[in-house]
Every structure is written in structure tokens, then in C-alpha cells.
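Residue-level listing of the chains:
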Amino acid sequence: MTTTKKTWLALLLAAACTALQAQAPATVRIGVLSDMSGPFSGWSGKGSALAAEMAVEDFKRTRPGFPYRIELQSADFQLKPDLAVTIARKWVFDGVNAIVDVPHSTSALAVNGALRGSNAAFLITGAQHDDLTTKECSANSVHWTFDTASLVRPAVSTLARGGHNSWFFVTVDFAGGKSMEEYSRAVLAENGGQAVGGVRTPLGAPDFSSFLLQAQASKAKVVALIQGGSDAVNAMKQADEFGLPKGQKLVVPFLQLTDVQGMGLALAQGLTFTEAFYWDADEGKRAFARRFAARFGGRMPTAVQAGAYSAVQHYLGAVEAARSTNGPTVVAKMKELPVTDAAFAPGRVRADGRMVHDMFLVEVKAPAESKADWDLYKVVKRIKAEDAFRPMSRDCALVR
């Protein structure tokens, strides 16, 4: 073959490849970065991955003309901030457009910093630290399900005003736990209460006995267990074995549905706390939850899992409206569009990245009140979005 023929053949092949690339749809890649095996896996993990998958399926069904292919992947960051950042950076290098979940505040803050200024969006559905929308807010991220203020204020203020005004804290020693204790102390002081002491526990502690003895010795009216996932379940069970409470009220400010199921109603009955989502709160939530349960061994979704569904739906709608997969561009469009999905609507994303929606003050039912396996809460009060979330802070550069 002559050189001229080789040149023409190469040009024809290049033109053909270019034409095929032009015809092939662009791809939106979403990564679910979660705790698949640790203490938070029950209320995130594989359930968050399934929720994201359902969001993609529902979106594609209602938007048949969506001009992008959608790919999902997931990984376990083992509650290690350095591993979470390593995975996130690799994903972005490989073309992942959005990262979802990260149910661990220390890791979420680290990933948030790593993604700032990148082309990726960060949909924070599993962590609660307020810094994510105050001094660490980012044009790349939205904070979806809950935050420290929305979880702590309703329950702590209600209890303090009711006479439970001296507290001892048994707090898991990482950023999310510490922020909840600090905020609880501030709310207590606002309502005439006081903290009489506290102790920090390692994540995944197998034995809470020494911590509970200190709480018992404090003679505080309230022992607040600021734990999460299986740690909260273990702490409650050991407190019951120790005979707590005897003149002391046990409070767990942050619980998910699977935690209560793990404790059992006989132990958890009467606990009052704030939830971002409850599957039986209205018909839209029931319909979504039943579809989820049918694919997840009969287990109803937690707030974190429902948050993953809602955030992915809204993200894809913003990709379509913005005609872009650039993270900051899509996040900006998410702030313009109303949140309309069945799990969290109505809602909206503020300038600081905080998605605001109604919250629920709930009380765990007694065994005799429950009519089915996942019939666990009485909704004491539906808290309107404007009352549930703190105002935007000028600590956020996006607000300034």
C-alpha cells in the first residue's frame, strides 16, 4: 500500500471515530461513597446505593429524552477520612461527575475540601456537621438530609423546657459527635439547662460500661448518648443492663430507623428525637418506601437512604436543566430548581448549599402500639422547614 493510500485510510478511520463519538451520548457518572461494613452501614451502605439506583431508574422513566447515559458505582471508605479522599480523587480523575452519601462527618469534611474547585459535585446525604454549610461551604457541594442544628434543637429544647435540665454526655469522639454535643450544650444554656459533665468514646467501642458508670455517678437528670448506628444500639443495650435509667432519662439525639429496629421497641420505647424522614409520614413517602423495601429484604429506608434517592433525583434534573455535568454549574442549577421528589418534597437548596425541608419530632412507640415490623414512630410534630433549619451564616463565603 502506498504512503498516499495509508494517509487517506488513516484520515477515513479518524473521521469515522469522530462521527461515532459525536453520535454516542455523553455519560453522567455517579459514585456512592459509603460505609458498607461498619457501624453506619445499617442506615447507609448498600441501602444508599440501592436508593441512588432507584433514583436513576425513576428519573430515566420520567425523562425519556435525557441526553446522557447514567452510570453508577459504589465503594466502602471504611470510615477512614484519608481513604475517602483517595477514592474521591481517583473517581474524579476517572470522570465521576458526582459523589453521594459519606455518612461520617470527619470524612465528609475531608472530601468536601478535596473536591472544592474541581469539576465534580458533592451530594452530602449521610453526614450532619454544620461546617459543611458554614465556614466550609463550597460551590461544589449541597448538604441534603439533615445537619446538627436541625437534629439537636427541637428535641433538646423540648426536653430542657420540660424539666430535664441537667445533662451528661456520652459522645463518640469524631467531628460529628463533638459538634452535636457542643450544639446541645448551647441549646441547653438557652433554655435554662446545664451540662454537668461528659466523656468521649472511640468509634466502634465494644464496651460502654466505664462511660455509663461515670454518667450514673454524675446524677444528671439526662444521660445523652451521642452515638450512631450499631454504637447507639450497643450503648442503649448496655445502659439497660446497668439499670440506667434510675432517676435518669436516657436520650439519643441522633437515631435512624434501623437503630431503633436493632434496639427493639421494649428498650427504645419513649425515646424522643428529630428525624429528617419517616416512611409512614405521608402517602408519597409510603409509596417510595414500599418500593424500596420490596427490593431490600423488606427493610424500610432510613433518612440517609431516602436522602440519597432525593439528592440524586434533583442532581439529574439540574444536569438536564443546565445542559452540563460541570459540578459547580449543576450545583448552581440545583439552587434554582425546587425539590419535588416523593421522599423529601417540598424543599429547596439555599445559597449556602443547605437543602431545607420539613423535619419530624418523633417518639418511639411502645410494643403494644406497633402494628407491623417497621411501625416504630409516633410523629409528635411536623417541623416546618423555616423552623427546622438555622438561618444562613455569613461564615459561608457563598453567603457573603
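These numbers come from a predicted model, not from an experiment. (Residues numbered from 1 in each chain as written. Predicted model: local features only at pLDDT ≥ 70, side-chain atom pairs only at ≥ 80, totals over all residues. Heavy atoms only, no water.)

Draft legend 1. Molecular detail of the pattern of salt bridges. The tally for this structure, following the rule as stated, stands at 27 salt bridges. Between arginine 153 and glutamate 190 there is a salt bridge, with its nearest N and O atoms 2.9 Å apart. Here arginine 153 is found in helix H5 (residues 148-161), whereas its partner glutamate 190 is found in helix H6 (residues 175-190), with 37 residues between them in sequence. Overall, glutamate 190 belongs to the exposed group, its relative accessible area being 53%. Glutamate 369 is paired through a salt bridge with lysine 378; the nearest N and O atoms lie 3.3 Å apart. Classification of lysine 378 by relative accessible area gives partly exposed; the value is 31%. Here the residues in one salt-bridge network are Asp282, Lys285, Asp358, Arg382 and Lys384, joined through shared partners. (Salt bridge = Lys/Arg side-chain N within 4 Å of Asp/Glu carboxyl O. Helix = DSSP H or I, 4+ residues; strand = E, 2+ residues; numbered from the N terminus. Buried < 20%, exposed > 50% of the residue type's maximum accessible area, 1.4 Å probe, protein only.)

Draft legend 2. Structural view of the environment of glutamine 214. Within the element layout of this structure, glutamine 214 appears in helix H7 (residues 209-218). Residues glutamine 214 and phenylalanine 168, 46 residues apart in the sequence, show an inter-C-alpha distance of 8.9 Å. The contacts of glutamine 214, once residues within four sequence positions are left out, are Phe168 and Val199. (Contact = heavy atoms within 4.5 Å.)

Draft legend 3. Local environment of the environment of threonine 325. Mapped onto the secondary structure, threonine 325 falls in the loop between helix H12 (303-322) and helix H13 (327-336). Put simply, threonine 325 and alanine 26 are 299 residues apart on the chain and 9.4 Å apart in space, counted from C-alpha to C-alpha. Non-local contacts of threonine 325, meaning those with residues more than four positions away in its chain, are made with Val28, Tyr68, Asn97, Asn119, Tyr315, Val319 and Val330.

Draft legend 4. A look at helix H8 (residues 230-241). Taking 1.5 Å of rise per residue, 12 residues should cover 16 Å, and H8 covers 17 Å from first to last C-alpha, within 8% of that figure. Turning to H8, its buried residues number three or more, namely Asp231, Ala232, Val233, Ala235, Met236, Gln238 and Ala239. Where H8 is buried, its residues contact H7, strand E8 (222-226), strand E9 (249-251), helix H9 (257-263) and helix H10 (265-268). One or two steps after H8, the chain reaches glycine 243, where phi turns positive at roughly 85°. (Expected span 1.5 Å × (residues − 1).)

Draft legend 5. Highlighting the packing of aromatic side chains. Scanning all chains against the criterion turns up 16 aromatic pairs. With centroids separated by 5.2 Å and ring planes inclined at 55°, the aromatic side chains of phenylalanine 292 and phenylalanine 296 adopt a geometry described as tilted. Within the aromatic cluster, the residues linked to one another by ring pairs are Phe277, Phe288, Phe292, Phe296, Tyr309 and Phe344. (Phe/Tyr/Trp six-rings, centres within 6.5 Å; stacked < 30°, edge-to-face > 60°.)

Draft legend 6. Examining the sheet that holds strand E4 (residues 121-124) more closely. Spatially, 5 strands are ordered E2-E1-E3-E4-E5 in an open sheet, and the strand pairing comes out parallel. Of all strands in the sheet, those with a lone pairing partner are strand E2 (68-76) and strand E5 (141-143), marking the two edges. For this sheet, the mean angle separating the axes of adjacent strands, direction not counted, is 15°. Against the sheet, helix H4 (residues 105-115) contacts strand E1 (26-34), strand E3 (98-101), E4 and E5, and its axis sits at roughly 160° relative to E4. (Pairing = 2+ DSSP bridges. Axes fitted to C-alpha atoms, helices over the stretch in contact; angles between N-to-C directions.)

Draft legend 7. Focus on the pairing of E8. Among the 5 residues in E8, 5 count as buried, and that is most of the element. Where burial is concerned, the two faces of E8 agree: the one with Val222, Ala224 and Ile226 and the one with Val223 and Leu225 are both buried. In this sheet, E8 lies alongside strand E6 (residues 166-172) in parallel orientation, the contact comprising 5 bridges. If you follow tryptophan 167 over to E8, its bridge partner there is valine 222.

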